[in-house]
Amino acid sequence: WKSAKSKIVTWLPFVKDRRELGISEIKQVTQSSCGADLNAVKSLLPIYLNEQQYSQVIRLVDSLDWSGYTDPSCLLHKTRAEIGLEKWDMATQTLEELHNAWVSSPYFDSCGACEAEYLKACILAGRGDNNGAREHVQNILARKDSCDSNTYFRETVASAEGLIH
């Protein structure tokens with residue numbers, strides 16, 4: 001994962017890219033029954049998103065046992081994957097599940113939740129509704145003053161601004 005994110009060091013002859021080995025080891029944990037499978041899955045999701053293996057993201061999230069609890073971060077990754085595959089209806093449905101899970105989560109943060117608004121804008125833009133997408137982006141930008149100290153919010157703003165330009 002680090003090698004994918006820090007490409008600048010991969011040209012150095014003494015730095016080996018062991019991304020595939022790391023992914024393989026995490027997969028082994030997801031297939032074991034040692035109780036660490038959720039953490040292993042949550043580790044694989046951003047890796048698969050980064051490598052645009054969207055079907056793998058969806059498969060992994062769908063394979064989880066949600067008995068009594070739905071993890072918002074997993075649904076966030078699934079929504080991104082569905083957007084990547086341009087499955088707009090599925091992404092809309094997962095985004096609704098994400099919203100419901102997020103607001104009932106003890107980790108809910110209204111500034112961080114603007115990412116869901118950004119994903120809604122992506123879905124609308126993908127469907128050709130640029131006015132609807134722009135409206136959601138404007139809702140995000142309107143929160144700049146109150147949320148600018150939130151790092152995730154700043155990343156969302158940068159992505160949202162790129163969506164409408």
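Quick note: structure is the one above.
Residues numbered from 1 in each chain as written. Predicted model: local features only at pLDDT ≥ 70, side-chain atom pairs only at ≥ 80, totals over all residues. Heavy atoms only, no water.

(A) Inspection of the state of the cysteines at higher detail. Enumeration over the complete set of coordinates arrives at 1 disulfide. Looking at Cys-114, it has no disulfide partner, and the nearest cysteine sulfur is the one in Cys-147, 5.3 Å off. Judged by its relative accessible area of 4%, Cys-114 falls in the buried class. (Disulfide = S-S within 2.5 Å. Buried < 20%, exposed > 50% of the residue type's maximum accessible area, 1.4 Å probe, protein only.)

(B) A look at the nonpolar core. Ile-83, Leu-98, Ile-140 and Phe-153 are the most contacted members of the largest nonpolar core, which has 26 residues in total. If you list the elements that add at least two residues to this core, you get α5 (72-84), α6 (88-103), α7 (114-126), α8 (130-141) and α10 (151-164). Element by element, the count of residues in this core is highest for α7, at 8 residues. Counting 13 residues, the second largest nonpolar core, distinct from the first, contains Val-41, Leu-45, Cys-74 and Ala-81. (Core = buried A, V, L, I, M, F, W, Y, C linked by side-chain atoms within 4.5 Å. Helix = DSSP H or I, 4+ residues; strand = E, 2+ residues; numbered from the N terminus.)

(C) Representation of α5 in the model. The terminal C-alpha atoms of α5, which comprises 13 residues, lie 18 Å apart, in line with the 18 Å expected from a rise of 1.5 Å per residue. Most of α5 is tucked away: 10 of the 13 residues are buried. If you check which residues of α5 are buried, you get Pro-72, Cys-74, Leu-75, Leu-76, His-77, Lys-78, Thr-79, Ala-81, Glu-82 and Ile-83. Where α5 terminates, the next one or two residues include Glu-86, which has phi positive at roughly 60 degrees. (Expected span 1.5 Å × (residues − 1).)

(D) Highlighting α10. Compared with the 20 Å implied by 1.5 Å per residue over 14 residues, the 21 Å span of α10 between its first and last C-alpha is a close match. Residues of α10 that are buried include every one of Phe-153, Thr-156, Val-157 and Ala-160, and no others. Each buried residue of α10 lies within a common arc of 105 degrees when the element is viewed along its axis, so the set occupies one face. For α10, the secondary structure elements touched by its buried residues are α7, α8 and α9 (144-147). (Arc of directions from axis to C-beta. Contact = heavy atoms within 4.5 Å.)

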